[in-house]
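The residues making up each chain are set out below.
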Amino acid sequence: MNIKNYINGQNENPINNEWIDNYCPANGEVYGKIPNSSKADVENAYNAAKSAFPVWSQTTFEARSRILIKISELLEANLQRFAEAESKDNGKPISLAKTVDIPRAASNFRFFGNAITQFASESHESVGQEAMNYTLRQPIGVVGCISPWNLPLYLFTWKIAPAIAAGNCVVAKPSEVTPMTAYLLGNICNEAGLPKGVLNIVHGLGTTTGQAIVEHPGIKAISFTGGTETGAHIAKVAVPMFKKLSLELGGKNPNIIFADCDYESMLETTIRSSFSNQGQICLCGSRVFVEASIYDRFKIDFIAKVKQLKVGHPSEESTNIGALVSKTHLEKVLNYIDIAKNENGIVLCGGNKVIIKDFENGYYLEPTVIEVLTNECQINQEEVFGPVVTIMPFNSEDHVLQMANKVKYGLSATLWTNDLKRTMRMSSQIQAGIIWVNTWMMRDLRTPFGGVKASGIGREGGFEALRFFTEAKNVCIKY
Ligand code: NDP
């Protein structure tokens, strides 16, 4: 099946008629083609967005809200179709696509459809000067949204929904590795009555299509989620052009387990925070630090549970771990396991490819636990982004805090403890944008989301996203 670009409300072939193969990770076979869009396609998308902007930006917030909520309802009505498409394109278990990815994409539209009705701006009375200031928050114009492959529709819509809710028009690019649900979204937007040109989706390679979006002088803001290196490259291009930038980048998140935690709940959640989505979530707790007094017990129980996880075809409801997203990515993850072994890491379980009958060329890997001797090793310092976690013991709060922070990233951290004072101390000192205590990946869409250090700049979520997608303008009136 050939995917098309969605420009000005129409499904379009790429102008150069060049195509890229789309692979199914579950069996390693090509199952469709994706436009290899050029600058000319981005230009068309930009022109459509620019033409739609004057009307869309003046459309009442009620009307915008209604359309976003309609998109959300249509996504819910098409849950099964979208979940199957996401699972096939990405390799993730269908159960995950059905319960997390697609419901969350629908929630993104519903949430921002509602949020825009509550978005307000400030006023400041300059007492003693007989003046009143008020702040206008105006849509920026045409904005660019670029998203990765791990949570395809979930992260794509997390950007698009606030952008259009705030009155912008969008040129968006999903990852070339997982374009399918973004393609299907175009038709849903038409059905929901989104005016032509408000959302334009251009498929293609990051280095050409993505680059053309970032370089386009008329696209005034870029919201990007992806790898840290790509984020740095985008910043180099966009900053001298004075574009507004939101960068949600990689993570190497600590999962810190104290002996006083609720052990069973910790164990169950640590399985999820280590291996959900084949460990391909920027928030996964890939460095597990366990207080020395419970380390041996944890090691035995954790490994026993990991061994129960079923690696299988993504379409089977009983599958816990599906296929990794691509052959290149599988090789990258396997290479990290070799690096860990060379650094004297001990593979406690997993570490090998899995061959599944009838799907021998799929990209399957055992969930892997590696015991490391030090936090300084490469496997603890670099983002693997696969079903691989390291574990090591710690002796004191200071010790673990120092290890948690000794990494270039700062996206999230998880703490397992029932000690309130320790929770408060650690939460304020861990260098990360998001801290979970006795839970993981519990999301309230009103909260600020984003990282520090090499995990990015800016915050998404709630009004933060609406603030990003608007320009604040102060008006001062003397009376
Ligand atoms: P990449 O950085 O490779 O790609 C992200 C997106 O950027 C893709 O659409 C890609 O296109 C595009 N792109 C690549 N090069 C350029 C360029 N020069 N200009 C413009 N766009 C470009 O990341 P991955 O897709 O590999 O995603 C995994 C990464 O994303 C991990 O590091 C992960 O931690 C991070 N991530 C961060 C999250 C967060 O919220 N902080 C959430 C989820 C993931 P193409 O795919 O076609 O190359």
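Residues numbered from 1 in each chain as written. Predicted model: local features only at pLDDT ≥ 70, side-chain atom pairs only at ≥ 80, totals over all residues. Heavy atoms only, no water.

K.L.:
Can you help me understand the layout of surface pockets in this one?
P.N.:
Any empty space left between the atoms is revealed when a probe the size of a water molecule rolls over them. Reported here for the largest pocket is a volume of approximately 1100 Å³. Looking at the largest pocket, it is lined by 39 residues, and the ones nearest its centre are W149, F224, G226, G227 and T230. For the lining of the largest pocket, the secondary-structure elements that each account for two or more residues are α7 (206–215), β10 (221–225), α8 (228–238) and α11 (327–342). Split into classes, the residues belonging to the lining of the largest pocket amount to 16 nonpolar, 15 polar and 8 charged. Taken as a whole, the second largest pocket spans an internal volume of roughly 520 Å³. When contributions to the lining of the second largest pocket are tallied by element, the ones reaching two or more residues are α4 (94–118), α9 (263–275) and α10 (292–308). With 6 residues, the single largest contributor to the lining of the second largest pocket is α4. Its residues assigned to classes, the lining of the second largest pocket comprises 13 nonpolar, 7 polar and 4 charged. (1 Å grid on protein atoms, 1.4 Å probe; cavity = no way out; pocket = protein on both sides within 12 Å on 5 of 7 lines; lining within 4 Å. Points joined across faces, edges and corners; volume = space filled by probe spheres on them. Helix = DSSP H or I, 4+ residues; strand = E, 2+ residues; numbered from the N terminus. Nonpolar A, V, L, I, M, F, W, Y, C, P; charged D, E, K, R; others polar.)

K.L.:
I'm lost on α7 in this one. Help?
P.N.:
For an α-helix the count is 3.6 residues per turn, leaving residues at separations of three or four pointing the same way. Here α7 has its buried residues at T209, G210, Q211, A212, I213 and V214. In the core, the buried residues of α7 are packed alongside α1 (39–57), β7 (142–146), β8 (169–173), β10 and α8. (Buried < 20%, exposed > 50% of the residue type's maximum accessible area, 1.4 Å probe, protein only. Contact = heavy atoms within 4.5 Å.)

K.L.:
What is the right way to read the pattern of salt bridges from this model?
P.N.:
Pairing is possible between side chains of opposite charge, provided their charged atoms come close. If you walk through the whole model with that rule in mind, you get 16 salt bridges. The salt bridge partner of E376 is K406, with a shortest N-O separation of 3.8 Å. Linking E376 in the loop between β15 (368–371) and α12 (378–381) with K406 in the loop between α13 (397–405) and β17 (409–410), this pair joins segments that are 30 residues apart in sequence. (Salt bridge = Lys/Arg side-chain N within 4 Å of Asp/Glu carboxyl O.)

K.L.:
Explanation requested: the packing of aromatic side chains in the structure shown.
P.N.:
What characterises a pair of aromatic rings is the spacing of the ring centres plus the angle enclosed by the ring planes. A complete count under the given rule lists 8 aromatic pairs for this structure. Taken together, a centroid distance of 5.8 Å and an interplanar angle of 55° make the contact between F112 and W158 tilted. Of the two residues, F112 sits in helix α4 while W158 sits in helix α5 (residues 152–165), which places them 46 residues apart along the sequence. Each member of the pair F112 and W158 is classed as buried. (Phe/Tyr/Trp six-rings, centres within 6.5 Å; stacked < 30°, edge-to-face > 60°.)

K.L.:
Explain the sheet that holds strand β22 (residues 470–478) to me, please; I cannot follow it from the model alone.
P.N.:
The 3 strands are arranged β5-β6-β22 in an open sheet whose pairing can be described as antiparallel. At either margin of the open sheet sits one strand with a lone partner, and together these are β5 (123–126) and β22. Each strand of the sheet is rotated relative to its neighbour by a mean of 20°, with strand direction disregarded. As defined by bridge partners, strand β6 (residues 131–139) adjoins β22 across 9 bridges and the pair is classed as antiparallel. Following the sheet pairing, Y134 is matched in β22 by V475. (Pairing = 2+ DSSP bridges. Axes fitted to C-alpha atoms, helices over the stretch in contact; angles between N-to-C directions.)

K.L.:
What's the story with unusual backbone geometry in this structure? I'm lost.
P.N.:
If a residue is not glycine, its phi is most likely negative; likewise, a peptide bond is most likely trans. Its identity as a non-glycine residue notwithstanding, N277 has a phi of 55°, on the positive side. N277 gets classed as buried once you look at its relative accessible area, which sits at 2%. Of note in the backbone geometry, Q278 takes a positive phi value of approximately 60° without being a glycine. Tracing the chain through its elements places Q278 in the loop between α9 and β13 (287–291).

K.L.:
Quick question: what am I supposed to make of empty space enclosed by the protein here?
P.N.:
This structure, assessed with the given rule, holds 4 cavities of 30 Å³ or more. If you add up the space inside the largest cavity, you get close to 100 Å³. Lining the largest cavity are 15 residues; nearest its centre among them are G279, I281, C284, S286 and F385. Taken together, the residues of the lining of the largest cavity sort by class into 7 nonpolar, 6 polar and 2 charged.

K.L.:
Could you clarify how one ought to interpret the site of the ligand in this entry?
P.N.:
Inspection of the region around the ligand gives 32 residues, with S147, T230, L249, C282 and E383 positioned closest. Here S147 contributes a backbone N or O atom positioned 2.8 Å from an oxygen atom of the ligand. In this structure, an oxygen atom belonging to the ligand sits 3.1 Å away from a main-chain N or O atom of G206. Protein chains shield 89% of the accessible area of the ligand, which is 900 Å² for the free molecule. When residues of the shell around the ligand are traced back to their parent elements, those giving at least two are α7, β10 and α8. Ranked by residues supplied to the shell around the ligand, first place goes to α7 with 4 residues. (Near = heavy atom within 4 Å. Polar contact = N/O pair within 3.5 Å; in protein donor to acceptor, adjacent residues only side chain to side chain. Areas by Shrake-Rupley, 256 points an atom, 1.4 Å probe, with all protein chains shown as cover.)

All we've got here are geometric facts, nothing functional implied.
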